[in-house]
Amino acid sequence: MNMNDTPALSADAGLTIAGKTYRSRLLVGSGKYKDLDETRLATEASGADIITVAIRRVNIGQDPNAPSLLDVVPPSRYTILPNTAGCYNAADAVYTLQLARELLGGHKLVKLEVLGDEKTLFPNMPETLKAAETLVKDGFDVMVYCSDDPIQARMLEDLGVVAVMPLASLIGSGMGILNPWNLSLIIEQSRIPVLVDAGVGTASDAAIAMELGCDGVLMNTAIAGARDPIRMARAMKLAVEAGREAFLAGRIARRFAASPSSPMAGRVG
Amino acid sequence: MQIELNGKPHAIADGTDLVQLIAALELTGKAVALAVNREVVPCQLWAGRLLAAHDKVDVVKAIGGG
C-alpha cells in the first residue's frame, strides 16, 4: 500500500503463508475471462501475488503453439496456485496436484477443493479431509477450500494445512458474506491464515471479509464476470486494502444513539 | 499399438518412449506434465520410459481457473 501521504503509518506486514510473505492479501483466479489479454490486464490491476490456475488435459490436435495461460501469468512474476476444481473425490484431487507439482517444477503450494455436487459446488468435507491428510504427508503446502464450520476448520488445521479458506457463499454466486459469525469463530480460533474463498460479489463484500479479520480473500467470478473486469480488479485491490486498514485501526462500537461530532460549547446560536 | 491418451484411443509405434510421444504431439518444451496409469513421470525420466499397449496416459497443462 502507498503510505507516502501518511508517513506516520506503518505499512501492513503482508500475508504470510507457509513461511513466505506476500504483499497483497488479494488472491485471484484466472478463469472466465474473455481472452488471455484480459486475464493479464485484470491480474495486473488486482495487484495479486498469488494466482490460481486449473489443471486440465491438453486438447490433442489443437495448435500446440497457441499462447498459454502461463505466458500471460508467468511463474517468474506470480506465485501460481494450482487448484483441484472439478474434483469430486480425494483420489482425483491428489492425482491432479501431483501432476501440478510436476508441471510447475516441484512447486508445493496448492489449493485443495473437493466438491460435493454440481448444484452447490459445496465442499465434500470428508473427502477434503482425506485428501488434505495425504497431501500434507506428501510434502505439499495445502490451502483448503472448506465449509464455514469451525470444527472442520480446526480438523484441517490439526492435519497441518497452511491455510483454511471457508466459502462466504456459493462459488460464483456473488451473494457476499452470508455468515459473518461463523467466519469470526474460525478467525478467532485459527493459528493459520483464514481466507474467504468464494461468494464475493463486489468490493464491499471483500472489505467486510477483511474487516472481520480475514487474512485474505480469494476470488475469480466477481472480477472476471464484472462488466469491466479490469476496473473491478482494481476495486477489489482497494477494497481488500481498505478492509485490512479498518481491521487494524479498530472500528467504533455500534450503538443505537447519536453522538455529535462537533463540540456543543461555544455555539453562536 | 493402441494406448489411451487423455481418455481417447491413440495409436503409437511399438517401442515409443515418452520423449517420442511428446515430440509426436508437438509438445516438446511446452509446460506440460505427464502420468502413465495415474503415476506421474517426471520429465527427467521420459527418455527410455517405453509405453506398453493399453497404457493410460494423461498429458496436462495449466489453464484459467478459480
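Rules used in this analysis
- Residues numbered from 1 in each chain as written.
- Chains lettered and ligands numbered in written order.
- Predicted model: local features only at pLDDT ≥ 70, side-chain atom pairs only at ≥ 80, totals over all residues.
- Heavy atoms only, no water.
- Helix = DSSP H or I, 4+ residues; strand = E, 2+ residues; numbered from the N terminus.
- Rg over C-alpha atoms; globule rule 2.2 N^0.38 Å.
- Buried < 20%, exposed > 50% of the residue type's maximum accessible area, 1.4 Å probe, protein only.
- Contact = heavy atoms within 4.5 Å.
- Pairing = 2+ DSSP bridges.
- Right-handed = clockwise from strand over helix to strand, strands pointing away.
- pLDDT = per-residue confidence, 0-100.
- Buried area = accessible area lost by both parts, 1.4 Å probe.
- Salt bridge = Lys/Arg side-chain N within 4 Å of Asp/Glu carboxyl O.
- Polar contact = N/O pair within 3.5 Å; in protein donor to acceptor, adjacent residues only side chain to side chain.
- Nonpolar A, V, L, I, M, F, W, Y, C, P; charged D, E, K, R; others polar.
- Axes fitted to C-alpha atoms, helices over the stretch in contact; angles between N-to-C directions.
- Left-handed = near helix turned anticlockwise from the far one by under 90°.

Engineer: Please explain the overall build of chain A as it appears in this structure.
Structural biologist: Along chain A, the regular secondary structure elements total nine helices and ten strands. Taken over the C-alpha trace, chain A has a radius of gyration of 20 Å; the compact-globule value for 269 residues is 18 Å, and the two agree within 12%. Counting only C-alpha atoms, chain A reaches 85 × 40 × 35 Å along its principal axes. When the 269 residues of chain A are sorted by exposure, 50% land in the buried category. Taking as baseline every contact in chain A between residues at least 6 positions apart, the subset at least 24 positions apart corresponds to 65%.

Engineer: Explain the overall build of chain B here, please?
Structural biologist: Across its full length, chain B carries one helix and five strands. Starting at the N terminus and walking to the C terminus, you meet the elements of chain B as β-β-α-β-β-β. Here chain B has a C-alpha radius of gyration of 12 Å; the compact-globule value for 66 residues is 11 Å, and the two agree. Each principal axis of the C-alpha atoms in chain B carries an extent, and together these give about 40 × 25 × 20 Å.

Engineer: Explanation requested: unusual backbone geometry in the structure shown.
Structural biologist: What is expected of a backbone is that most residues other than glycine have negative phi and most peptide bonds are trans. Residues and elements named next belong to chain A. Of note, the phi angle at Leu121 is positive, near 55°, even though the residue is not glycine. Of note, Leu121 is situated in the loop between β6 (109-112) and α4 (125-137). A relative accessible area of 23% means that Leu121 is categorised as partly exposed.

Engineer: What should I look at first to understand the pairing of strand β4 (residues 50-57) of chain A in this one?
Structural biologist: The side chains of a regular strand alternate between the sheet's two faces. Burial analysis of β4 of chain A places six of its eight residues in the buried class, the great majority of the element. In this structure, strand β3 (residues 26-29) of chain A lies alongside β4 of chain A, joined through two bridges in parallel fashion. Counted as the bridge partner of Val28 of chain A is Ile51 of chain A from β4 of chain A. Each parallel crossover has a hand, and for β3 of chain A linked through helix α1 (residues 36-46) of chain A to β4 of chain A it is right-handed. Two strands pair when backbone bridges link them, and β4 of chain A and strand β5 (residues 79-82) of chain A are joined in this way by four bridges, in the parallel orientation. The residue of β5 of chain A that forms the bridge with Thr52 of chain A is Leu81 of chain A. Taken together, the five bridges between β4 of chain A and strand β5 (residues 56-64) of chain B define a ladder with antiparallel strand orientation. For Ala54 of chain A, the partnering residue across the bridge sits in β5 of chain B and is Ile63 of chain B.

Engineer: Please explain the pairing of strand β8 (residues 163-166) of chain A as it appears in this structure.
Structural biologist: Residues and elements named next belong to chain A. Burial of β8 is two-sided: the residues Ala163 and Met165 facing one way and the residues Val164 and Pro166 facing the other way are all buried. Here four bridges tie strand β7 (residues 141-146) to β8, and the two strands are oriented parallel to one another. Within the sheet, the bridge partner assigned to Met143 lies in β8 and is Ala163. Read as a crossover between parallel neighbours, the route from β7 over helix α5 (residues 150-159) to β8 is right-handed.

Engineer: What exactly am I supposed to notice about the environment of Ala91 of chain A here?
Structural biologist: Within the secondary structure, Ala91 of chain A sits in helix α3 (residues 90-103). Here the alpha-carbon distance between Ala91 of chain A and Glu127 of chain A, two residues 36 residues apart in the chain, equals 8.7 Å.

Engineer: What am I meant to see in the side chain of Thr16 of chain B here?
Structural biologist: Residue and element names in this part refer to chain B. By the element assignment, Thr16 lies in the loop between β2 (8-11) and α1 (18-24). According to the relative accessible area criterion, Thr16 is buried, its value standing at 10%. Apart from residues lying up to four places away in sequence, Thr16 is in contact with Leu21, Arg49, Leu50 and Leu51.

Engineer: What is the right way to look at the confidence of the model for chain B in this model?
Structural biologist: In regions of low pLDDT, the predicted coordinates are not meant to be interpreted in detail. Mean pLDDT over chain B: 95, with 100% of residues reaching 70 or higher. Scored by ipTM, the complex comes to 0.96, with pTM at 0.93.

Engineer: Quick question: what am I supposed to make of helix α7 (residues 203-212) of chain A here?
Structural biologist: Each α-helix turn comprises 3.6 residues. Residues three or four places apart therefore point the same way. Residues of α7 of chain A that are buried include every one of Ala203, Asp205, Ala206, Ala207, Ala209 and Met210 of chain A, and no others. Taken from the residues just after α7 of chain A, Gly213 of chain A is the one with a positive phi, measuring 110°.

Engineer: Where do I start with the interface of chain A and chain B in this structure?
Structural biologist: It is common to report an interface's size as the accessible area lost on association of the parts. Contacts between the two partners involve 27 residues from chain A, matched on the other side by 26 residues from chain B. Here chain A meets chain B over a buried area of about 2,400 Å², counting both sides, of which 62% is carbon and sulfur. The largest per-residue losses of area from chain A upon contact with chain B belong to Arg57, Tyr95 and Glu102 of chain A, which jointly make up 28% of the total buried on that side. There are two salt bridges connecting chain A and chain B. Of the charged contacts in the structure, one is a salt bridge between Asp92 of chain A and Arg38 of chain B, with a shortest N-O distance of 2.9 Å. Here chain A and chain B share 13 residue pairs in polar contact (both at pLDDT 80 or more) between them. If you list the elements that add at least two residues to the side of chain A that touches chain B, you get β4, α2 (69-72) and α3 of chain A. Of the residues assigned to the side of chain A that touches chain B, the class counts are twelve nonpolar, nine polar and six charged.

Engineer: Whenever I open this one, the packing of α3 of chain A against α4 of chain A confuses me. Can you help?
Structural biologist: A pair of packed helices is characterised by two quantities: the angle between their axes and the separation of those axes. Residues and elements named next belong to chain A. Remark: α3 packs on α4, axes separated minimally by 8 Å, with the N-to-C direction vectors making an angle of 35°. Where α3 crosses over α4, the handedness of that crossing is right-handed. Here Ala90, Val94 and Leu97 of α3 lie close against α4, whose contacting residues are Glu127, Lys130, Ala131, Thr134 and Leu135. Residue classes in the contact of α3 with α4 are distributed as five nonpolar, one polar and two charged.

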